[in-house]
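Remarks on the overall topology
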Amino acid sequence: MQPIINDARLRPILDKVVAGERLSFEDGVTLYRSPDLLALGYMANLVRERRHGNVTYFNVNRHINPTDVCVASCRLCAFGKRVKDERAYTMSLEQVWETAGRGWSEAITEFHIVGGLHPELTLDWYCEAFRGLKQRFPQVHLKALTMVEIAYLAHRTKITAGETLRRLKDSGVDSLPGGGAEIFSERVRRIICDHKIDGSQWLDVARQAHRIGLQSNCTMLYGHIETEEDRVDHLVKLRELQEETGGFVTFIPLAFHPDNTPLRHIPKTTGFDDIRNIAVSRLMLDNIPHIKAYWVMMTPRIAQIAQRFGSDDVDGTVVEEKIYHDAGATTTQSLRRGELLRLIREAGREPEERDTLYRPVVRSETTFTVLV
Ligand code: SF4
């Protein structure tokens, strides 16, 4: 079927996509500036179906946020709290383990564990938390701690990020989530998250993780004060690191949620921009296997439509999402497995339950098997 391309600037890009050629920085900027969303979607869908056919992936996971105490005070954030803030919380080890097992009705395949930069929780504390989780839930994959948390723990322990990663891996961490990347532009980072590691440090922690066999996801926070060039620069830097390590599994574009943050004057992203980010990232990140439409952030409705605009994954059941809900997300805090199946099937895709590393999961009522 011949696509209808209304924006003539997209024709040479379509030729490259059809031929399987890599898109340039300038192509990326053109894609972001084009209002021709259907043409973007056509191209992104072509790439997505080449890679994944008609399958959309999901998983059955649980989020655990051990603490919201954070020393960083990023302006983009509504989650982190000061130690003395009476709303702040920090779980004990027992509470982490108890939270992991709470409401254990569907066998969960992944714990997604991230939190604030707590000035007193030590690397040993985290290692003990992960060892305890592995003892209690040996079959569950631990996807834990962002590059930002790892760099902070390394700094406080006075060891390298590489050594920190090795200790975390030895204690049971199986892979890393992709958060904290925000946007790599230093000009933007100085305004939205000036206390955080910079973009090159984020990439370097990811590089070291990949080198010791810890795969990770990667993200980009969009919809605040960044330009189209900043977005493309971010995507190109991720693509370059992927050429070097091959360690990124999934890219997740994250829409900025301004509520309850010092940047609350910035309007929320629109559905158009959310979909465009899915499509452009699928087209630019030709070496990263999966593009996820994170339903918590973009709503289940937009995440469903994204399955026709380049995404091949809707994330999972989640259970108790805090970070986006503190920033005003109006979505539910979890979806049942059956709801995810319906969402995917109604988009005309075939749902496939995966584990964190995209191995097929076969399940009965109370247990599951990962096919390796
Ligand atoms: S974005 Fe992360 S590092 Fe920054 S204040 Fe929030 S929890 Fe802390």
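What this report covers is the structure whose coordinates are included nearby. (Residues numbered from 1 in each chain as written. Predicted model: local features only at pLDDT ≥ 70, side-chain atom pairs only at ≥ 80, totals over all residues. Heavy atoms only, no water.)

1. Side note on the sheet that holds strand S4 (residues 141-144)
Pairing in this open sheet of 3 strands is parallel, and the strands run S2-S3-S4 from one edge to the other. Taken across any chain shown, the strands that pair with only one partner, and hence form the sheet edges, are strand S2 (61-64) and S4. Recorded for the sheet is a direction-independent mean angle of 20 degrees between the axes of neighbouring strands. As defined by bridge partners, strand S3 (residues 110-113) adjoins S4 across 4 bridges and the pair is classed as parallel. When the bridges of S4 are listed, Ile113 appears paired with Ala144. Of the strands in this sheet, S2 and S3 are in contact with helix H4 (residues 93-101), which crosses S2 at around 155 degrees. Strands in contact with helix H5 (residues 123-136) are S3 and S4; relative to S4, the strand with the most contacts, it is inclined by about 160 degrees. (Pairing = 2+ DSSP bridges. Helix = DSSP H or I, 4+ residues; strand = E, 2+ residues; numbered from the N terminus. Axes fitted to C-alpha atoms, helices over the stretch in contact; angles between N-to-C directions. Contact = heavy atoms within 4.5 Å.)

2. Here's the deal with the nonpolar core
Judged by nonpolar contacts, the single largest core of 109 residues is most densely connected at Leu31, Phe111, Phe130, Leu133, Trp202, Leu238 and Phe251. Not counting the four nearest positions on each side in its chain, Leu238 is found in contact with Phe184, Trp202, Leu203, Cys218, Thr219, Phe248, Phe251 and Leu285. (Core = buried A, V, L, I, M, F, W, Y, C linked by side-chain atoms within 4.5 Å. Buried < 20%, exposed > 50% of the residue type's maximum accessible area, 1.4 Å probe, protein only.)

3. Focus: the pattern of salt bridges
Note on pairing: side chains with opposite charge can pair once their charged atoms come close. Tallied over the full model, the rule gives 31 salt bridges. The salt bridge involving Lys81 is made with Asp68; its shortest N-O contact spans 3.4 Å. Placement of Lys81 in the loop between S2 and H4 and of Asp68 in the loop between S2 and H4 is noted, with a sequence separation of 13 residues between them. By relative accessible area, Lys81 is classed as buried at 8%. Between Glu110 and Lys143 there is a salt bridge; the shortest N-O distance is 3.6 Å. Here Glu110 is found in strand S3, whereas its partner Lys143 is found in strand S4, with 33 residues between them in sequence. By relative accessible area, which is 2% here, Glu110 ends up buried. Within this structure, Asp204, Arg207, Arg211 and Glu244 form a network of salt bridges that share partners. (Salt bridge = Lys/Arg side-chain N within 4 Å of Asp/Glu carboxyl O.)

4. Regarding the sheet that holds strand S8 (residues 313-316)
The strand order S8-S1-S9 describes an open sheet built from 3 strands, whose pairing is parallel. Among the strands making up the open sheet, the edge pair consists of S8 and strand S9 (350-353). Between one strand axis and the next, the sheet turns by 25 degrees as a mean value, whatever way the strands run. Pairing analysis gives 4 bridges linking strand S1 (residues 55-59) to S9, with the strands arranged parallel. Directly across from Tyr57, in S9, lies its bridge partner Glu352.

5. Considerations on the state of the cysteines
Taken as a whole, this structure holds 0 disulfides when the rule is applied. Here Cys218 is not cross-linked by a disulfide; its sulfur's nearest cysteine counterpart is in Cys193, at 16 Å. (Disulfide = S-S within 2.5 Å.)

Any link to function would need more than the numbers given here.
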